[in-house]
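Below, each chain spelled out in residue letters.
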Amino acid sequence: MERPFLKMNGLGNDFIVVDARRRAFAPDPETIRRLASRSEGIGCDQFVVIGASETADASIRFWNPDGGEAGACGNASRCVAWRLMEDAGTDEVRLETAGGVLAAWRQGPMRVAVDMGRPRLSWRAVPLSGPHDTLAVPVPEAAPLGPATCLSMGNPHAVFFVPSLSDIDVAGLGARIEASPLFPERVNVGFAEVRSRTHLRLRVWERAAGLTRACGSGACAALVAGVRRGLAGPAGRLELDGGDLEIAWGIDGRVLMTGDVEIEFEGRLP
Ligand SMILES: N[C@@H](CCC[C@H](N)C(=O)O)C(=O)O
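If you check an unreviewed UniProt entry, the protein chain appears there as Diaminopimelate epimerase from Phenylobacterium parvum. Quoted verbatim from the Catalytic activity (unreviewed entry) field of UniProt, the annotation for the protein chain is "(2S,6S)-2,6-diaminopimelate = meso-2,6-diaminopimelate". Per UniProt, the protein chain carries the Subcellular location (unreviewed entry) text "Cytoplasm".

Peer 1: Quick question: what am I supposed to make of the overall build of the protein chain here?
Peer 2: A tally of regular secondary structure across the protein chain gives four helices and 17 strands. The C-alpha radius of gyration of the protein chain comes to 18 Å, within 12% of the 18 Å expected for a compact globule of 270 residues. C-alpha atoms of the protein chain, sized along the principal axes, occupy 55 × 40 × 30 Å. Per-residue burial for the protein chain yields a buried fraction of 54% across its 270 residues. Restricting to contacts in the protein chain with at least 6 residues of sequence separation, those with at least 24 account for 60%. As displayed, the protein chain offers around 11300 Å² of accessible surface, 51% of which is attributable to carbon and sulfur atoms. For the protein chain, the separation between the mean place of its 30 positive charges and that of its 34 negative charges on side chains is 2 Å.

Peer 1: Whenever I open this one, the domain arrangement of the protein chain confuses me. Can you help?
Peer 2: Many structure descriptions define interface size as the accessible area lost when the parts assemble. Domain parsing of the protein chain yields domain 1 (4–117 + 259–268) and domain 2 (140–252). Placing a centre on the C-alpha atoms of domain 1 and another on those of domain 2 gives a separation of 22 Å. In this complex, domain 1 contributes 19 residues to the contact, which on the side of domain 2 involves 21 residues. Contact between domain 1 and domain 2 buries roughly 1300 Å² in total, counting both sides, with carbon and sulfur atoms accounting for 50%. The largest share of the area that domain 1 buries against domain 2 comes from Leu 11, Ala 72 and Met 116, three residues that together contribute 36% of it. Inspection of the domain 1/domain 2 interface yields two salt bridges. Seen at the junction of domain 1 and domain 2, the total is four residue pairs in polar contact (both at pLDDT 80 or more). Here the element with the most residues in the side of domain 1 that touches domain 2 is helix 2 (residues 74–88); it accounts for three residues.

Peer 1: Hey, could you run me through the side chain of His 199 in this one?
Peer 2: Relative to the helices and strands, His 199 is located in strand 12 (residues 199–206). A distance of 2.7 Å separates the side chain of His 199 from the side chain of Glu 239, its partner in a polar contact. If sequence neighbours within four positions are ignored, His 199 has contacts with Glu 193, Val 194, Arg 237 and Glu 239.

Peer 1: Honestly, the packing of aromatic side chains in this entry has me stumped. Any pointers?
Peer 2: Here the distance between the centres and the angle between the planes together describe a pair of aromatic rings. By the definition in use, this model includes three aromatic pairs. Seen from their ring centres, Phe 5 and Phe 265 are 6.1 Å apart, and the 85° between their planes marks the pair as edge-to-face. Of the two residues, Phe 5 is situated in strand 1 (residues 4–10) and Phe 265 in strand 17 (residues 262–268); the sequence distance between them amounts to 260 residues. Consider the rings of Phe 25 and Phe 47, whose centres lie 6.3 Å apart with planes at 55°: the pair is tilted. Taken as a pair, Phe 25 in the loop between strand 2 (13–19) and helix 1 (29–36) and Phe 47 in strand 3 (residues 46–51) lie far apart in primary sequence, 22 residues in all. Judged by its relative accessible area of 22%, Phe 25 falls in the partly exposed class. Judged by its relative accessible area of 0%, Phe 47 falls in the buried class.

Peer 1: Any chance you could explain the pattern of salt bridges here in plain terms?
Peer 2: It is possible for side chains of opposite charge to pair when their charged atoms get near one another. Scanning the entire structure with this criterion turns up 24 salt bridges. For Asp 14, the salt bridge identified is with Arg 38, shortest N-O distance 2.8 Å. Separated by 24 residues along the polypeptide, Asp 14 in strand 2 and Arg 38 in the loop between helix 1 and strand 3 bring together distant segments of the chain. As a salt-bridge pair, Asp 241 and Arg 201 come within 2.7 Å of each other at their nearest N and O atoms. On the criterion of sequence distance, the pair formed by Asp 241 in the loop between strand 14 (235–240) and strand 15 (243–249) and Arg 201 in strand 12 is long-range, its members being 40 residues apart. With relative accessibility at 24%, the residue Asp 241 sits in the partly exposed group. With a relative accessible area of 15%, Arg 201 lands in the buried category. What emerges from the salt-bridge pattern is a single network uniting Glu 193, Arg 195, Arg 201, Arg 203, Arg 237, Glu 239, Asp 241 and Asp 244.

Criteria and thresholds
Residues numbered from 1 in each chain as written. Predicted model: local features only at pLDDT ≥ 70, side-chain atom pairs only at ≥ 80, totals over all residues. Heavy atoms only, no water. UniProt positions renumbered as here; feature names shortened; annotations may be inferred. Helix = DSSP H or I, 4+ residues; strand = E, 2+ residues; numbered from the N terminus. Rg over C-alpha atoms; globule rule 2.2 N^0.38 Å. Buried < 20%, exposed > 50% of the residue type's maximum accessible area, 1.4 Å probe, protein only. Contact = heavy atoms within 4.5 Å. Areas by Shrake-Rupley, 256 points an atom, 1.4 Å probe, with all protein chains shown as cover. Lys, Arg positive; Asp, Glu negative; His and termini not counted. Charge placed at Lys NZ, Arg CZ, Asp CG, Glu CD. Domains from an automatic or database assignment. Buried area = accessible area lost by both parts, 1.4 Å probe. Salt bridge = Lys/Arg side-chain N within 4 Å of Asp/Glu carboxyl O. Polar contact = N/O pair within 3.5 Å; in protein donor to acceptor, adjacent residues only side chain to side chain. Phe/Tyr/Trp six-rings, centres within 6.5 Å; stacked < 30°, edge-to-face > 60°.

Shown next as structure tokens:
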């Protein structure tokens, strides 16, 4: 039986979304690689499956285009939340993810906020290959950039603060840093230019997906890193290639992300 899917994106970070709440679907890595391929398949940054949940309104799982599973995906969480709220006619929804249950709510007709939970700041949580103060981690593959601030948003991030993004070879450096032995599970790499304490310009090389137009968990990681480094206030605008996300790191330690979502088209998996 053919499987319907929805193609969605958050600021151009795009997803194939399959609703498997009523009919289970466990795609194998080869199927994901084929469908996610932009030359041979439908093409996407992440493949997303919505499932039934006993603890929340639905569960979600995310896979990268190489077929590997990711623990978090901020933009896909917002897209799925929008779809579920439309279906149920509600303004809020709870999503079970590998990292815990996330609440999401409507902020406009095509605008959704999600509570991404608390960042984890220990070197074991990122994870790094050995003990480091995650505030300033020397990364041999990027020595001229100075140390990275590393953290987990349910997935691993390394954030570099740079004077000017136009001087940065995001793809070249990103690919080398992603593969550094310092990161045993590889890493998502953010390059952030501080425009003001409430405005960061950010480009992200995503683990197993490459350069994307936006990365929601990367935007959360960049704001958290900026606050920890004394470069940013606790709330701000993260300007990505595909548009803006509003990120706030609350006094309860939780990170909220707000931004637009878009539907591209519907189809059936080949
Ligand atoms: N697009 C994402 C992050 C997707 C997962 C990432 N590539 C990883 O492997 O951790 C987002 O919006 O957060």
